[in-house]
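# A closer look at the structure
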Amino acid sequence: MIVWQKEADLTRQNSLGFSVCAERYLKVEDLEQLRLALDEVKANNWPLLILGGGSNLVLADYLPGAVISVGCQGVRVLADDEDQAIVEVGAGENWHGFVGKLLEMGLHGLENLALIPGSVGAAPVQNIGAYGVELADCFHSLTAYDREQDELVQLNAEDCRFGYRDSLFKSVAPGRYIIWQVRFSLRTVFQPRLEYKALANHLKAEGIGQPGAQQVYQAVCEIRNSKLPVPTLIGNAGSFFENPVVTAEQHEQLKLQFPELVSYPDQPGFYKLAAGWLIDQAGWKGHNAGAVGVYEKQALVLVNHGGGDAQQLLQLAGQIRDSVQKKFAVSLKMEPRVYPG
Ligand SMILES: Cc1cc2nc3c(=O)[nH]c(=O)nc-3n(C[C@H](O)[C@H](O)[C@H](O)COP(=O)(O)OP(=O)(O)OC[C@H]3O[C@@H](n4cnc5c(N)ncnc54)[C@H](O)[C@@H]3O)c2cc1C
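So, here is what we can say about the structure in this document. The structure displayed is predicted, hence computed values, not measured ones.

### A look at the state of the cysteines
The full count for this structure, using the stated rule, is zero disulfides. C72 takes part in no disulfide bond, and the closest cysteine sulfur to it belongs to C160, at a distance of 16 Å. Residue classification places C72 among the buried positions, given a relative accessible area of 7%. Cysteine C221 shares no disulfide, and the gap to the nearest cysteine sulfur, in C138, comes to 16 Å.

### Some words on the sheet that holds strand β16 (residues 263–265)
Sheet strands line up and pair through hydrogen bonds in the backbone, either parallel or antiparallel. The strand order across the open sheet formed by three strands is β15-β17-β16, and the pairing between neighbours is antiparallel. Strand pairing shows two members of the sheet lacking a second neighbour, β15 (245–247) and β16, which therefore form its edges. Between one strand and the next, the sheet's axes are offset by a mean angle of 35°, whatever the strand orientation. Inspection of the sheet shows β16 paired to strand β17 (residues 270–273) by three bridges, in the antiparallel sense. Following the sheet pairing, P265 is matched in β17 by Y271. Lying on the sheet, helix α7 (residues 248–257) is in contact with β15, β16 and β17; it crosses β15 at an angle near 95°.

### Structural notes on the site of the ligand
Every one of the 34 residues lining the ligand counts as a neighbour, but I50, G52, G53, S55 and S119 are closest to it. Separating an oxygen atom of the ligand from a backbone N or O atom of G53 is a distance of 2.7 Å. Taken together, the elements giving at least two residues each to the shell around the ligand come down to β3 (48–50), β9 (129–130), β13 (177–187) and β14 (235–239). Here the residues of the shell around the ligand are counted per class, giving 18 nonpolar, 13 polar and three charged.

Criteria and cut-off values
- Residues numbered from 1 in each chain as written.
- Predicted model: local features only at pLDDT ≥ 70, side-chain atom pairs only at ≥ 80, totals over all residues.
- Heavy atoms only, no water.
- Disulfide = S-S within 2.5 Å.
- Buried < 20%, exposed > 50% of the residue type's maximum accessible area, 1.4 Å probe, protein only.
- Pairing = 2+ DSSP bridges.
- Helix = DSSP H or I, 4+ residues; strand = E, 2+ residues; numbered from the N terminus.
- Axes fitted to C-alpha atoms, helices over the stretch in contact; angles between N-to-C directions.
- Contact = heavy atoms within 4.5 Å.
- Near = heavy atom within 4 Å.
- Polar contact = N/O pair within 3.5 Å; in protein donor to acceptor, adjacent residues only side chain to side chain.
- Nonpolar A, V, L, I, M, F, W, Y, C, P; charged D, E, K, R; others polar.

Purely geometric stuff here, so don't read any function into it on its own.
This is how it looks when you write it as structure tokens:
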């Protein structure tokens, strides 16, 4: 038996802090509840949003149809040997809490992804990444409910088609799969990943030459806390735009025109540009448009100072996109999902 919460207030369940009301909402604790809920969704042809921590969503004031959160909990080791362990975790677990738990268990690989808000279940959706590491680096497989086949399926890394902030769940088959459990392959011996300059510099400044797992985790948390607004204090959805990828030819032209251009080599023949730098150079950092604005310390983050809504934020995002296009001839793609689309 399931009981939907009608006209549910989701203001505290989206990190932008928008005032959002769902026509009906349900948190499912087990697969039986999920099946019952999906049966009703199907029978009534309701639009459906799967909601995690709401930290990568721009939600409208009113969400018609149904919103479901996955409550599946638990972290357990499925297999381990001298070098590695396979760990299974419920989609409803908090991501940062899970990273901290792995640290306590002496299992390594995800330290650089500490403090990313949201749930474990949403992490594969955009293949979360930070400080030179992405989820795909440690991913083993996952269990999801396939709404098309009406059954549980097991998907491996290849099935999930991970890319830069992308996966099967985001761009190929959005809405088809409900992620229930995720499995990671983790190392028992820590090998720091310090390719990301800001992280290496931070540790160097602290006088740490050979960092342990706890020190990398700590450094990531410190850098993030110094750069990113805490959503409970200032509403935001993290990076609002993806870092655009351009051809080597376009990169060369831009570099001639803008010698300070911040960029990194990507796949052979391509470069990734720092979207935050482009937005900053277009003059948007710290800009406010009523209740919404661009964060003063990081131009890539759009914020809700209080009382803003999706319409205002998307209008600002559109203006930013247009001005970057005009100045650099580069298209910015939004990272968070707008719902309803
Ligand atoms: C301050 C801040 C910093 C951030 N930093 C980073 C960062 O460094 N790197 C990064 O990659 N992201 C970052 N993000 C974005 C965000 O935290 C991640 O994308 C996170 O994985 C979203 O998790 P969530 O549970 O909040 O997902 P939600 O926002 O609730 O949902 C995101 C998408 O996933 C879908 N979804 C959610 N749960 C499931 C499920 N169980 N099954 C299927 N689909 C599901 C939703 O329908 C939606 O399409 C940041 C956000 C904030 C606010």
